[in-house]
Amino acid sequence: MTTLTIRFFQALDRFHAARPWDHNAHYHRWIMRQLPRRFASALDVGSGTGDLARLLAGRAASVRGLDADPEIVDRARELTPLASPVTFGVGDAPGAIAQGPYDVITCVATLHHLPFAETLSAFRHHLSPGGTLVVVGLARAQSPGDHALGVAALVMNVVMAWLKRGGRRTARPASMTAATRPATMTFAEIVDEARAVLPGARLRRRLFWRYTLVWHNR
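The structure contained in this document is the topic of the report that follows. (Residues numbered from 1 in each chain as written. Predicted model: local features only at pLDDT ≥ 70, side-chain atom pairs only at ≥ 80, totals over all residues. Heavy atoms only, no water.)

So, on to the overall build of the protein. Counting its secondary structure elements, the protein contains seven helices and seven strands. For the protein, the exposed area adds up to about 11400 Å²; of that, 55% sits on carbon and sulfur atoms. (Helix = DSSP H or I, 4+ residues; strand = E, 2+ residues; numbered from the N terminus. Areas by Shrake-Rupley, 256 points an atom, 1.4 Å probe, with all protein chains shown as cover.)

This is the structure in structure tokens:
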């Protein structure tokens with residue numbers, strides 16, 4: 001890597017550090033398009049500050065958020081109106097998942113923190129017949145396609161920062177304060193293991209270093 005290239009990526013890092021925006025929240029509207037207009041119950045695993053759980057509550061009779069970080073769960077409770085049909089719990093999935101079944105299960109940027117196949121098996125167990133599972137996850141870049149999407153994401157990241165923030169410096173959103181770790185599984189490995197547990201699951205690479213998985217419990 002040349003000195004010029006290194007400086008370019010350092011400049012991008014400084015730009016994004018000063019103008020952060022939530023890549024996970026970017027997919028919330030897409031997630032909602034995968035779901036029925038109304039459903040009885042939902043579970044959001046890795047619920048963070050509860051942004052997605054509160055969106056789900058607009059369609060559900062009850063929503064349960066689960067996160068391993070007690071501080072961020074406290075923040076989610078503070079941000080959630082008392083009248084909202086959302087509750088939050090602290091615990092590590094898959095063991096801490098409260099007994100369902102749930103009509104909808106969502107999991108955003110969390111699955112790579114968990115035992116992959118075991119967690120998908122738990123999702124399948126807790127999903128109602130006819131229910132929908134939606135995952136937005138992270139994969140380790142390996143293939144040429146992964147790296148091409150990564151380059152495109154770098155460019156689009158700048159564009160989105162300007163569109164969302166007008167190029168202004170801003171504080172990091174509360175939803176981006178949770179601890180993170182890099183993904184270890186490649187997209188190809190994720191596809192193979194996911195379809196072994198969830199036959200018929202639809203998986204797709206996405207921008208901003210994400211992939212999506214949708215599965216219906218027929």
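Resuming the write-up.
A separate point is the environment of T49. Mapped onto the fold, T49 is located in the loop between β1 (39-45) and α3 (51-56). T49 gets classed as buried once you look at its relative accessible area, which sits at 4%. In the structure, T49 is positioned 16 residues away from G65 in sequence and 9.4 Å away in space, judged by C-alpha atoms. (Buried < 20%, exposed > 50% of the residue type's maximum accessible area, 1.4 Å probe, protein only.)

On to helix α5 (residues 116-126). Among all positions in α5, only F116, T119, L120, A122, F123 and H126 are buried. End-on view of α5: buried residues confined to an arc of 155°, all on one side of the axis. With respect to the buried face of α5, the exposed residues turned more than 90 degrees away are E118 and H125. The elements touched by buried residues of α5 are β1, β4 (102-108), β5 (127-137), α7 (187-197) and β7 (210-216). (Arc of directions from axis to C-beta. Contact = heavy atoms within 4.5 Å.)

Quick look at the sheet that holds strand β6 (residues 202-206) now. Read from one edge to the other, the open sheet built from seven strands follows the order β3-β2-β1-β4-β5-β7-β6, with strand pairing classed as mixed. Single-partner strands in this sheet number two, and they are β3 (86-90) and β6. Adjacent strand axes in the sheet meet at a mean angle of 15°, parallel and antiparallel pairs treated alike. By the bridge criterion, five bridges tie strand β2 (residues 60-67) to β3 in an arrangement that is parallel. When the bridges of β3 are listed, G65 appears paired with F88. Running at roughly 145° to β5, α5 makes contact with β1, β4, β5 and β7 of the sheet. Contacting β6 and β7, α7 crosses the sheet at an angle of about 165° to β6. (Pairing = 2+ DSSP bridges. Axes fitted to C-alpha atoms, helices over the stretch in contact; angles between N-to-C directions.)

Turning our attention to the pairing of β2. Here β1 runs beside β2; their pairing, made up of six bridges, is parallel. Bridge pairing links A42 to V63 in β2. Crossover β1 to β2 through α3 is right-handed. Considered for its hand, the β-α-β crossover made up of β2, helix α4 (residues 70-79) and β3 is right-handed. (Right-handed = clockwise from strand over helix to strand, strands pointing away.)

A word on the nonpolar core. Ranked by size, the top nonpolar core spans 29 residues in total, and within it L120, L133, L203, Y211 and L213 carry the most contacts. When residues of this core are traced back to their parent elements, those giving at least two are β1, β4, α5, β5, α7 and β7. When residues no more than four places from it in sequence are discounted, the contact partners of L120 are L111, L133, A194, V197 and L198. Listed in part, the 26 residues of the second largest apolar core include Y27, V63, F88 and A183. (Core = buried A, V, L, I, M, F, W, Y, C linked by side-chain atoms within 4.5 Å.)

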